[in-house]
Amino acid sequence: MKLTFWGAARQVTGSMFLLETEDQYRILIDCGADMDKKAALNGNSPEDDESPKSAAGFFPFEASSINVVLLTHAHIDHSGNLPNLYREGYEGQILCTDPTYSLTNLLLQDAASLNHRRLNEMGKSKKQKVRKKMASLQKDLFLEKQVRESMDNVVPIQYNRKFRLGDSVDVTFVPAGHLLGAAHIVINVYENGEKKSICFSGDIGRKNYPLLGDPEPIPQVDYLICESTYGNRLHLNTETPEAMLADVIQRTCIDIPGRLIIPSFSVGRTQALLYTLNRLYTEQGFPPIKVFSDSPLALESTKVYQKNLRLLNKEAKDYQEENASLFDFVNFEYLESSKASREVSNYNQPCIIISSSGMVQGGRVEQHVAANISNPYCTILIIGYCAEGTLGWRLLNGQPTISIKDKEEPVLAKVERTDVFSGHGDRDDLVRFVKHQSPEKLKKVFLVHGEFTSMSAFQQTLADEGYSNVEIPTKGQTYEL
Ligand SMILES: [Zn+2]
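Worth saying up front: this structure is predicted, and the values here are computed from it rather than measured.

K.L.:
Looking at this model, I keep getting lost on the environment of Ser 102. Mind explaining?
P.N.:
Locating Ser 102 in the fold gives a position in helix H4 (residues 98-124). Each C-alpha atom, one on Ser 102 and one on Lys 303, is 9.9 Å from the other, the two residues being 201 residues apart in sequence. Beyond its immediate sequence surroundings of up to four residues, Ser 102 is in contact with Val 304 and Lys 307.

K.L.:
What am I meant to see in the coordination of the zinc ion here?
P.N.:
Six octahedral donors around a metal ideally subtend angles of 90 or 180 degrees, whereas four tetrahedral donors ideally subtend 109.5 degrees. For the zinc ion, the protein coordination sphere consists of His 73 (NE2), His 75 (ND1), His 178 (NE2) and Asp 203 (OD), at 2.1 to 2.3 Å. Coordination at the zinc ion is irregular, judged from the four donor atoms that bind it and the angles of 92 to 166 degrees they form at the metal. Every donor residue of the zinc ion comes from the same chain, spaced as H-x1-H-x102-H-x24-D. Placement of His 75 in the loop between strand E4 (68-70) and helix H2 (76-79) and of Asp 203 in the loop between strand E10 (194-200) and strand E11 (223-227) is noted, with a sequence separation of 128 residues between them. His 75 gets classed as partly exposed once you look at its relative accessible area, which sits at 22%.

K.L.:
Would you take a moment to explain unusual backbone geometry for this structure?
P.N.:
Residues other than glycine predominantly adopt negative phi, and peptide bonds predominantly adopt the trans conformation. Omega for the bond connecting Ser 356 with Ser 357 falls within 30 degrees of zero, at 10 degrees, which places this linkage in the cis form. Along the chain, Ser 357 falls in the loop between strand E15 (351-355) and helix H12 (365-372). One non-glycine residue, Gln 24, adopts positive backbone phi at about 65 degrees. Mapped onto the elements of the fold, Gln 24 is located in the loop between strand E2 (17-20) and strand E3 (26-29). A relative accessible area of 61% means that Gln 24 is categorised as exposed. At Asp 406, a residue that is not glycine, the phi angle is positive and equals roughly 65 degrees. For Asp 406, a relative accessible area of 82% translates into the label exposed.

K.L.:
I would appreciate a short explanation of the packing of helix H14 (residues 427-434) against helix H15 (residues 452-464) in the present structure.
P.N.:
Between two packed helices, the angle of one axis relative to the other and the distance separating the axes together describe the packing. One way to put it is that H14 packs onto H15 with a least axis distance of 11 Å and a crossing angle of 50 degrees. It follows from the interaxial angle that H14 and H15 lie oblique. At the point where H14 passes H15, the crossing takes the right-handed sense. On H15, the residues that touch Arg 427, Leu 430, Val 431 and Val 434 of H14 are Phe 458, Thr 461 and Leu 462. In the contact of H14 with H15, the residues fall into five nonpolar, one polar and one charged.

K.L.:
Which parts of the structure should I look at to understand the sheet that holds strand E8 (residues 169-175)?
P.N.:
The pairing of strands in a sheet comes from backbone hydrogen bonds and takes either a parallel or an antiparallel form. Within the open sheet, the seven strands sit side by side as E7-E8-E9-E10-E11-E20-E21. Their pairing is mixed. Two strands in the sheet have a free side with no partner beyond their single neighbour: strand E7 (163-165) and strand E21 (470-471). Inspection of the sheet shows strand E20 (residues 444-448) paired to E21 by two bridges, in the parallel sense. Looking at E21, one finds that Val 445 is bridged to Val 470.

K.L.:
Is there a simple way to think about helix H6 (residues 144-151) in this case?
P.N.:
The periodicity of an α-helix, 3.6 residues per turn, causes residues three or four positions apart to be oriented the same way. Those residues of H6 lying buried are Gln 146, Val 147, Ser 150 and Met 151. Looking down the long axis of H6, one finds its buried residues gathered within 130 degrees of arc, a one-sided arrangement.

K.L.:
Honestly, the sheet that holds strand E16 (residues 378-382) in this entry has me stumped. Any pointers?
P.N.:
Pairing in this open sheet of six strands is parallel, and the strands run E14-E13-E15-E12-E16-E19 from one edge to the other. Bordering the open sheet on either side are strand E14 (332-334) and strand E19 (414-417), each of which pairs with just one other strand. Strand-to-strand twist in this sheet, taken as the mean axis angle between neighbours without regard to direction, amounts to 20 degrees. Both E16 and E19 contribute to a ladder of four bridges, which runs parallel. Bridge assignment links Leu 381 to a residue of E19, and that residue is Glu 416. Here helix H7 (residues 241-254) sits on the sheet in contact with strand E12 (259-263), E15, E16 and E19, set at roughly 140 degrees to E12.

K.L.:
How do you make sense of the packing of aromatic side chains when you look at a structure like this?
P.N.:
This model, assessed by the stated rule, comprises 14 aromatic pairs. For the ring pair Tyr 275 and Tyr 319, a centre distance of 5.7 Å and an interplane angle of 90 degrees mean the geometry is edge-to-face. Of this pair, Tyr 275 sits in helix H8 (residues 269-284) while Tyr 319 sits in helix H10 (residues 314-322), and the two are 44 residues apart along the sequence. As far as burial versus exposure is concerned, Tyr 275 and Tyr 319 are alike and both buried. Across the ring face of Tyr 230, the terminal group of Arg 233 is positioned such that the distance to the ring centre comes to 4.2 Å.

K.L.:
When you look at the UniProt feature "domain: Beta-Casp" (unreviewed entry) in the protein chain in this model, what are you seeing that I'm missing?
P.N.:
In the numbering used here, UniProt assigns the feature "domain: Beta-Casp" (unreviewed entry) to residues 270-395. Between the first and last C-alpha atoms of residues 270-395 the distance is 20 Å; the span itself is 44% helix and 14% strand.

K.L.:
Looking at this structure, how should I read the domain arrangement of the protein chain?
P.N.:
Put simply, an interface is often sized by how much accessible area is lost when its parts join up. For the protein chain, the assigned domains read domain 1 (2-40 + 57-232 + 425-480) and domain 2 (241-417). Placing a centre on the C-alpha atoms of domain 1 and another on those of domain 2 gives a separation of 29 Å. Counting across the domain 1 and domain 2 interface gives zero salt bridges. Where domain 1 touches domain 2, the interface holds four residue pairs in polar contact (both at pLDDT 80 or more). The element best represented in the side of domain 1 that touches domain 2 is H4, accounting for seven residues. Partitioning the side of domain 1 that touches domain 2 into residue classes produces eleven nonpolar, three polar and three charged.

K.L.:
I'm lost on a negative patch on the surface in this one. Help?
P.N.:
The grouping of Glu 22, Asp 23, Asp 167 and Glu 480 at the surface amounts to a negative patch. Structurally, the position occupied by Asp 167 is in the loop between E7 and E8. Taking the relative accessible area as the measure of exposure, Asp 167 reaches 74% and is therefore exposed.

K.L.:
Quick question: what am I supposed to make of the packing of H4 against helix H5 (residues 128-140) here?
P.N.:
Running from N to C, H4 and H5 point in directions that differ by 150 degrees, and their axes come no closer than 9 Å. Here H4 is positioned roughly antiparallel relative to H5, judged by the angle of their axes. Crossing angle aside, the handedness with which H4 passes H5 is left-handed. In this structure, H4 uses Arg 118, Leu 119, Met 122 and Gly 123 to contact H5, whose residues at the interface are Val 130, Arg 131, Lys 133, Met 134, Leu 137 and Gln 138. Of the residues assigned to the contact of H4 with H5, the class counts are five nonpolar, two polar and three charged.

Conventions used here
Residues numbered from 1 in each chain as written. Predicted model: local features only at pLDDT ≥ 70, side-chain atom pairs only at ≥ 80, totals over all residues. Heavy atoms only, no water. Helix = DSSP H or I, 4+ residues; strand = E, 2+ residues; numbered from the N terminus. Contact = heavy atoms within 4.5 Å. Donors = N, O, S within 2.8 Å, 3.2 Å for Na, K, Ca; no water. Tetrahedral: all angles 85-135°; square planar, octahedral: opposite > 155°, others 65-115°. Buried < 20%, exposed > 50% of the residue type's maximum accessible area, 1.4 Å probe, protein only. Axes fitted to C-alpha atoms, helices over the stretch in contact; angles between N-to-C directions. Parallel < 35°, antiparallel > 145°, perpendicular 65-115°, else oblique. Left-handed = near helix turned anticlockwise from the far one by under 90°. Nonpolar A, V, L, I, M, F, W, Y, C, P; charged D, E, K, R; others polar. Pairing = 2+ DSSP bridges. Arc of directions from axis to C-beta. Phe/Tyr/Trp six-rings, centres within 6.5 Å; stacked < 30°, edge-to-face > 60°. Lys NZ or Arg CZ within 6 Å of the ring centre and 35° of its normal. UniProt positions renumbered as here; feature names shortened; annotations may be inferred. Domains from an automatic or database assignment. Salt bridge = Lys/Arg side-chain N within 4 Å of Asp/Glu carboxyl O. Polar contact = N/O pair within 3.5 Å; in protein donor to acceptor, adjacent residues only side chain to side chain. Patch = residues over 30% accessible without salt bridge, like charges linked within 9 Å, V, L, I, M, F, W, Y side chains within 5 Å. Areas by Shrake-Rupley, 256 points an atom, 1.4 Å probe, with all protein chains shown as cover. Lys, Arg positive; Asp, Glu negative; His and termini not counted. Charge placed at Lys NZ, Arg CZ, Asp CG, Glu CD.

Here it is, written out as structure tokens:
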């Protein structure tokens, strides 16, 4: 069989791998958006993608030649190009877990409506340059129709059940932690009288993450494609999410009557936050400071978590049994309309506002940050990765003034950060994942989904653990396995 790395090769996003068997069966594993700095800021503008393209334009292969797509999890850097794959002629199915289907549907619909709004805005412009850009974007930005087309072709797969694809291939999805529905995918290929097995790690979660089970070990394989986002780092904050939040809330909302703004990704991160806050108030009798969740996408994602209770960890299931809800508590309120979102500025008691986007780039959180950036009683708690150039990144850099909503404002609010809510395992978690494999039996490890420095440090770490055959593929590189 043949494996080509079409994305997440020496970069953190754009996961996409093509596995071809000897009898010409072509499996695409993940079909993610490449969100390099500029693309992230411009809303996934694929014009910056330098990979070779097919005749049709978007992919470096003919979309119609793919037989099946396997999706590790819903995050857009793994799923964000699925609608484009259909637009370019793919007619097959997408295999993923049921929650991955639900969350991917929400994320892609959200991206499609953003694309729609963007094109509409450009359409109103009379400037020739904008009209020209719009014409080029129209070719690249997918809309609701393409999202529906892709989601209509999803086949939900259960965890830990072997699923046959024709005579010579079977696949198994193994729980990976990280995000509801996320999976490591193990593929067995039977050719020339022998079985070859290969595992795509997807993103690897961490132990004891709120709501989610720990990543499960995978069986012995011949080849391992392993993410390496945190290949050279350990998580800095070792306290529990409850302890961290209790400390921040005490300092920012109780000791002084301030407000705490938490920019947060709507899918996954916000649910972990709400569940942790719920437990703080219910179990630890924390003062009932008002909590606002300001993201329509978060509201819909929370319903998916609630619906898939059976897939959550034991602690969450027990909590649900003893309490009415994982995510709803007396001092909690969803802000559904944009009017309600704006009006929260007038709420003059201490409060916590959780809103997207996590990088403070676009989304309703920008409004909250703009309204409070010069308020010394406000704290902005960054809980996730902020790409270079984003507002979150500028806040973390400690700039004395900041340009927001077309105004230069002094930064008087406090800015803090924590990684206790990061969904990625750190270096030790990654090593633990690989060490389930015998170094004698594992033929090769390929490192993907990381910065090159992180990958080469992790390559050395694995060498120290006895894994000598570790490759760092480049984009477009093909291996015969
Ligand atoms: Zn992910």
